[in-house]
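An overview of the molecular structure
Single-letter residue listing:
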Amino acid sequence: MMTKRISACVLTLAVISVGVVAAEQPNPPDFGKQVAPLLKKYCVGCHNAAESNGKLMLQSFTGLQKGGEHGAVIVPGEADKSRMILALEKKAEPFMPPEGEKAPTADEIALLKAWINAGAKGPLNDLPDPASIVTPKIAPTGDLRKPISAVAVSPDGQWIAVARYGVVEILAAGDRKPVAALTGHTGQANDVVFSSDGSVLVVASGEAGLVGEATIWNTSDWSKKLVVQGHADTLYAADLSPDGTLLATGSYDRKIKLWSTATGDEVGELAGHNDAVFDLAFRNDGKLLASASGDKTVKLWDVAKRERLDTFIEPTEAQYAVAFSPDGRYVVAGGVDNRIRVWEVLEGGREGTNPIRYARFAHEAPVLELRFSPNGKVLLSSSQDHTIKIWETDEFTQLDAIKGQPDWVSSLAVTPDASKFLAGRLDGTLTSYPVNTSGVHAARPEPILNVPVVGLPADGNEAAARPELAEVEPNDGPEQATSVAIPATVRGVLRPESAGTEDADIYRFEARAGQTWILETAAARDKSPADTKIEVLHADGRPVQRLLLRAVRDSYITFRPINSTQGQVRVQNWEEMKLKQYMYLGGEVCKLFQAPRGPDSGWDFFTSRGMRRCYFDTSGTIHANGEPVYIVEPYLPGTQLVDNGLPVFVLNYVNDDDGQRELGSDSRLTFTAPADGAYLVRVRDVRGFGGDDYKYALTIREPRPDFRPSLGGRNPTIGAGSAREFSVHVDRIDNFDGDVRFNISGLPPGFQVSSPIVVEAGHAEAQGVVSVAADVEPTKTADDPVTALKPGQPNPELQSKIDFSTVKLTAVATVLGQRIEKPVENLGELKVARRPGYVVRLLPDTAQSTAANEIVMSPGTTTTAMLRLERNGYQGEMRFDVNNLPHGVIVDNIGLSGVLIRQGESERRIFLTAADWVGETTRLIHAIARAEGNEVSLPVQFRIGASGQVAKAAAAPAANRSQ
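First, a word on what this report is: a plain description of the structure on this page. What you are looking at is a predicted structure, and each value in this text was computed from that prediction instead of being measured.

Reading the values: rules and limits
Residues numbered from 1 in each chain as written. Predicted model: local features only at pLDDT ≥ 70, side-chain atom pairs only at ≥ 80, totals over all residues. Heavy atoms only, no water. Helix = DSSP H or I, 4+ residues; strand = E, 2+ residues; numbered from the N terminus. Buried < 20%, exposed > 50% of the residue type's maximum accessible area, 1.4 Å probe, protein only. Contact = heavy atoms within 4.5 Å. Areas by Shrake-Rupley, 256 points an atom, 1.4 Å probe, with all protein chains shown as cover. Core = buried A, V, L, I, M, F, W, Y, C linked by side-chain atoms within 4.5 Å. Expected span 1.5 Å × (residues − 1). Arc of directions from axis to C-beta. Polar contact = N/O pair within 3.5 Å; in protein donor to acceptor, adjacent residues only side chain to side chain. Pairing = 2+ DSSP bridges. Axes fitted to C-alpha atoms, helices over the stretch in contact; angles between N-to-C directions. Salt bridge = Lys/Arg side-chain N within 4 Å of Asp/Glu carboxyl O. Phe/Tyr/Trp six-rings, centres within 6.5 Å; stacked < 30°, edge-to-face > 60°.

Scanning the chain for helices and strands turns up six helices and 66 strands. Sorting the 963 residues of the chain into buried and exposed places 54% on the buried side. Considering only contacts in the chain between residues 6 or more positions apart, those separated by 24 or more positions represent 62%. Surface summary for the chain: the accessible area is close to 41,000 Å², and the carbon and sulfur share equals 49%.

Below, the structure written as structure tokens:
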């Protein structure tokens, strides 16, 4: 359904009384009734807005008057000198119609000549009559609606232009009294726009399926300046360049045309949309034009070059409205998918450099109109859901909603001082509202990114000091709860009293406000068949709320379902999601780790022990294909949240299976008491099962944040002059979430290793490289076939053993303000093999960096590096990954094949893009080949500097990727 620009045919039915009344044929011939049908029959097929052969358009009287590339085709009063008649009578080339086409009869040519000789008068009321539409006059019954299709306020605030069918009313802004009525437009007036200096007003109109027309009016005396026609369908949008020299028009014919406002000449066409163009917006410098279309895209155009710069493909339905922010930084658009999307325009708008910054679920029905205030502080939106919403423009969050509009608000206009805005509706009413900007920069609730945990230093004696108790039955209800002095461990049995019933054991404990406790069960780990679930309740049995999860983006699972452990999911419209956002999947909360890297991948979650990690003590479950999912922001209970049309999920203190995947099907919950008082913890089997062997132990203890470091990839064999990758791991205990730094030292001569290696906060692992110099002799042992030489190869002196006793590996972190250092098992025994068939090199791009072995960039930018391959016999193509990059930095623009060096090639330039939230950091990165041997490059130092302080860091702004 067409909603942004109400179709001319619909409004024609609403105001059919303005139709042309059929009259008796006058003498001389009438253009509309007698001449136009002949032109349509024999000429318009080749001479129309879409196919103007000879630059001649005969769809309208205006086009006929204008003529074509050979000049005028009619000379009023002199048919024998008119080129049209000469061509029809084969007296002037090119002869018309072309050979093989049906030609007019002698009587029809005579009629045309009679009309020209009589002065070649046009249609009545100076209305172009492109197809001689004649509609009967029907007397209206009841009240006649006069819908408003567009509203504009002059830059000086003096005039209001209100577009209705057949007329544009000019009102004095002060008292709303009529000043002028602009008539004579073809069909429905769908858009009105004042020039930036207020000297002219443009009205976009047209007849559906026939012609588009833009009329320019002088505001000094409301006289008609000029009329332009050229589209093959009605105009839905028009906009003037800031300097007033260019007019852009958009039509249902899918085209955008540019016109000179001085001459009315068409000076360019922008083709590329596959559906109607519903809205247009020039940027404040006039260099760029944005368009919104029914083809589900928003396009960005270079006005001077008349070419497309970029296509924003994130919308999922037709787009009805588009606007540039007054400072030219953002393009916003909205439409049938109920969203407002915000793209930042960078690097001149070239393709791939305009990231989507915000995607807001704005309304519960299609968005009809978007309008910035002149000062850029607020954005207004209207919708078919009968609401107007006001948004601040720092982060595009909703400030207010004006609900209960009596009809769709088809148009919005803001006064120059940004104090008021006008809402024009389809019921014909026009209402003014104040723009309240006092709360634009007021404090708004911020989501909880990390819930702080207060604990005690790790203590190996803590468990031994905890008292151990036994449950006392009956304890199935709050009033029967077994009292427990914590910390303690309670042993119980889930034993129903009778068949078909369930046993739920309840324990009472006291806690102070802000005090944090760890509650966990041991059942499956002790070979019990019980699958426990624990919940924390108020003393009266009510659940204790933990968080409010406000949905900010809705989506659904595509391609296939996922089980309870998978670390990846494919979802609709993933491009609008960002790293480190929380995803809510039917009660489970996960965190986005890495965006899809190709057509056969999905969003990767943060994982733990190879399974997706569940946050806020939620538990992993199975999710069906097509199941709704939401991007959510966590808030504390009681936070007042502005309604955004998406649900708010209440998350209570409850856990089935440990979300960190350490306890299997046993339960673990971190509880922070909201107030002083008594609380209950309920333990039950999630399936309702029970029996004498359904035993469990419930422990309630204070958290002791800590970590366990480990190393993967021990005992590597490394080719001389090459390197091998290894990994370091951190098991996080009791919500410890800080950085862990691994230091390695003491390698023998000829060996090098990445050090330090940092496992970032919240992450579980990082990668490093151990390398050996090219002149280190291979090792050989009796049971080591890897280093055996091929027949005919020279036999170098072989080492039997290398001493690694001096190697030291430690892990260091700050926990609760204390520096903790722990030893880690070392790399083991390293063996040296002969030189491999290829050697990988990762190097700075000399065009981007002055440092010899350092890649430098700023947050929110893209830079380049070089990947080189030294072939020592291996000739095939090879794919690569770049590992140990900081989170939020990706290898960009990899295409479908990934990072690939083709057969016969030896290097490739790669692009590294950093999200704008990546902090300052320095670390060692490396490339690894996904081919035989998995050879690794030597590490190169990678540095993220403060934004704007890196001299030669970024070749281009960050590309449109979800980091």
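Now that the structure has been shown, the text picks up again.
Side chains of a nonpolar character, in soluble globular proteins, are inclined to be buried together. With 30 residues, the main nonpolar core has F707, F726, V740, F742, I744 and V770 as its most contacted residues. For this core, the elements supplying multiple residues, two or more each, are strand 47 (706-712), strand 49 (723-733), strand 50 (740-745), strand 51 (751-753), strand 52 (757-759), strand 53 (765-772) and strand 54 (808-815). Take this core: its biggest share by element is four residues, from strand 54. For F726, the contacting residues outside a window of four places in its chain are L711, G712, G713, I744, V753, I757, A766, Q767, G768, V769, V770 and L827. In terms of nonpolar packing, the next biggest core, distinct from the first, is built from 29 residues, I894, L912, A914 and V940 among them.

With that settled, the discussion passes to helix 5 (residues 106-117). With 12 residues, helix 5 extends 16 Å from end C-alpha to end C-alpha; this agrees with the ideal 16 Å at 1.5 Å per step. Within helix 5, the full set of buried residues consists of E108, I109, L112, W115 and I116. Buried residues of helix 5, viewed axially, fall in a sector of 120 degrees; they line one side. Turned more than 90 degrees from where helix 5 packs its buried face, A106 and D107 sit exposed.

What follows covers the side chain of S195. With respect to the helices, strands and loops of the structure, S195 is situated in the loop between strand 5 (191-194) and strand 6 (200-207). Note on S195: relative accessible area 3%, which makes it buried. For S195, the side chain forms a polar contact with the side chain of D197, separated by 2.7 Å.

Another aspect to go through is the sheet that holds strand 60 (residues 878-883). Sheets are built from strands paired through backbone hydrogen bonds, the pairs being either parallel or antiparallel. Across the sheet, five strands lie side by side as 58-65-64-60-62; this open sheet has mixed pairing. Of all strands in the sheet, those with a lone pairing partner are strand 58 (854-857) and strand 62 (899-901), marking the two edges. Neighbour to neighbour, the strand axes of the sheet diverge by 30 degrees on average, direction disregarded.

Moving on to the side chain of N475. Positionally, N475 belongs in the loop between strand 28 (468-470) and strand 29 (482-483). In this structure the side chain of N475 is engaged in a polar contact, spanning 3.2 Å, whose partner is the side chain of E471. The contact partners of N475, leaving out residues within four places of it in the chain, are Q480, A481, T482, A504, D505, I506 and Y507.

Checked against the element boundaries, L816 lands in the loop between strand 54 and strand 55 (818-823). Taking relative accessible area as the criterion, L816 reaches 41% and is therefore assigned partly exposed. Sequence spacing of L816 and F736 is 80 residues, and the spatial spacing of their C-alpha atoms is 8.9 Å. Contacts of L816, omitting those with residues within four sequence positions, involve G455, L456, P457 and P705.

Take the sheet that holds strand 26 (residues 420-425) next. Strand order in this open sheet of three strands is 25-26-27, and the pairing throughout is antiparallel. The two strands at the open ends of the sheet, each matched to only one other strand, are strand 25 (409-414) and strand 27 (430-434). Within the sheet, the average angular offset between the axes of one strand and its neighbour, ignoring direction, is 25 degrees. Where strand 25 lies against strand 26, five bridges are found, and the strand directions are antiparallel. Looking across to strand 26, one finds that V414 is bridged to F421.

What follows deals with unusual backbone geometry. Residues M96 and P97 are joined by a peptide bond in cis, for which omega reads -10 degrees. Along the polypeptide, P97 turns up in the loop between helix 4 (83-88) and helix 5. Omega for the bond connecting S755 with P756 falls within 30 degrees of zero, at 0 degrees, which places this linkage in the cis form. Relative to the helices and strands, P756 is located in the loop between strand 51 and strand 52. The backbone phi angle of A418 is positive, close to 60 degrees, even though this residue is not glycine. Take A418: it is sitting in the loop between strand 25 and strand 26. Using a relative accessible area of 6% as the deciding quantity, one classes A418 as buried. Not every positive phi belongs to a glycine, and N573 is a case in point at roughly 60 degrees. Note that N573 resides in the loop between strand 35 (568-569) and strand 36 (582-585). Using a relative accessible area of 8% as the deciding quantity, one classes N573 as buried.

To continue, consider helix 2 (residues 31-42). Looking only at helix 2, the buried set comprises F31, G32, Q34, V35, A36, L38, L39 and Y42. Contact partners of the buried residues in helix 2: helix 3 (61-66), helix 4 and helix 5.

The sheet contact formed by strand 15 (residues 298-302) and strand 16 (residues 307-312) spans five bridges and is antiparallel. Of the residues in strand 16, the one forming a bridge with V298 is F312.

Moving on: the pattern of salt bridges. Taken as a whole and assessed by the stated rule, the structure comprises 49 salt bridges. Notably, a salt bridge pairs R164 with E169, separated by 3.1 Å at the nearest N-O pair. With a closest N to O distance of 2.9 Å, E344 and R329 form a salt bridge. Remark: R329 occurs in the loop between strand 17 (319-324) and strand 18 (330-335) and E344 occurs in strand 19 (residues 339-344); sequence separation between them is 15 residues. Its relative accessible area of 40% is what places R329 among the partly exposed residues. Here the salt bridges do not stand alone but share partners, grouping E520, R609, D658, E662, R668, R701, R708, D731 and D734 into one network.

Turning to the packing of aromatic side chains, a few remarks are in order. This structure, assessed with the given rule, holds 20 aromatic pairs. Each ring, one from F509 and one from Y679, has its centre 6.3 Å from the other, and the planes form 35 degrees; the classification is tilted. Linking F509 in strand 31 (residues 504-511) with Y679 in strand 45 (residues 677-685), this pair joins segments that are 170 residues apart in sequence. The exposure class assigned to F509 is buried, which follows from its relative accessible area of 1%. Judged by relative accessible area, Y679 falls into the buried class, the value being 3%. Taking 4.9 Å as the distance between ring centres and 80 degrees as the angle between the ring planes, the aromatic pair formed by Y653 and F671 counts as edge-to-face. With Y653 in the loop between strand 42 (648-652) and strand 43 (654-655) and F671 in strand 44 (residues 668-672), the pair connects residues that are 18 residues apart, well separated along the chain. Through a chain of ring-to-ring contacts, the aromatic side chains of Y236, Y252, F278 and Y320 assemble into a single cluster.

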